[in-house]
Amino acid sequence: VQLQASGGGLVQAGGSLRLSCAASGRTFSSYAVGWFRQAPGNEREFVAAVSWTGGSTRYQDSVKGRFTISRDDAKNTVYLQMNSLKPEDTAVYFCAAVQSVLAGTYSRANQYSYWGQGTLVTVSS
C-alpha cells in the first residue's frame, strides 16, 4: 500500500490544520494507521493511532484533547485534525500503516510496515 500525507502548512498558535493520509494500491480498511512527527534534531515520536476498525484510538499525552484521528475507509483516507496548535507541534508529520487482524492501536514506529512521505507543519508564536 502506498501512503500520501498532505495538509501541512504554516499556522499561528491556536490555529487548526487537518492532515490527510491517503492510501492507494490496496483497500485500506484492514490496516491500522498511525501518525508520527519529527522535529529538527529530535527523534521521530508517536502522535496518534487508530485501529483498523476505527473503534480504538490512542494519543500521545501532549496532544490529547487537541488532536483527533479518524478514518474514512470509503475514501481510503485517515485524518488528523489538529486544534489549538502550539509552536512545539512544529514538525514533519508522517503517517504509517500496518495490516492488522487485531483491533488494536500501535505506538511504536517499528510496528508499522508502510510509511508515507512527511508533511511539514509549522506553528508560529
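Caption draft 1: Summary view of the environment of Gly 104. Mapped onto the elements of the fold, Gly 104 is located in the loop between strand 9 (91-99) and strand 10 (114-115). Distance from Gly 104 to Gly 54, taken between C-alpha atoms, is 9.4 Å for residues 50 residues apart in sequence. Leaving out residues up to four positions away in the same chain, Gly 104 has contacts with Ala 32 and Ser 51.

Caption draft 2: Region of interest: the state of the cysteines. As enumerated under the stated definition, the model contains one disulfide in all. In this model Cys 21 forms its disulfide with Cys 95; the gap between the sulfur atoms is 2.2 Å. On the S-S bond that ties Cys 21 to Cys 95, the torsion sits near 75°, and the link is right-handed. Taken as a pair, Cys 21 in strand 3 (residues 17-24) and Cys 95 in strand 9 lie far apart in primary sequence, 74 residues in all. Taken individually, Cys 21 and Cys 95 each receive the classification buried, so the pair is uniform in this respect.

Caption draft 3: Structural view of the pairing of strand 3. Where strand 1 (residues 2-6) and strand 3 come together, five bridges link them in antiparallel fashion. Looking at the pairing, Gln 2 lines up with Ser 24 of strand 3. Pairing analysis gives six bridges linking strand 3 to strand 8 (residues 77-82), with the strands arranged antiparallel. Each residue of the ladder has a partner; that of Leu 19, found in strand 8, is Leu 80.

Cut-off values and rules
Residues numbered from 1 in each chain as written. Predicted model: local features only at pLDDT ≥ 70, side-chain atom pairs only at ≥ 80, totals over all residues. Heavy atoms only, no water. Helix = DSSP H or I, 4+ residues; strand = E, 2+ residues; numbered from the N terminus. Contact = heavy atoms within 4.5 Å. Disulfide = S-S within 2.5 Å. Buried < 20%, exposed > 50% of the residue type's maximum accessible area, 1.4 Å probe, protein only. Pairing = 2+ DSSP bridges.

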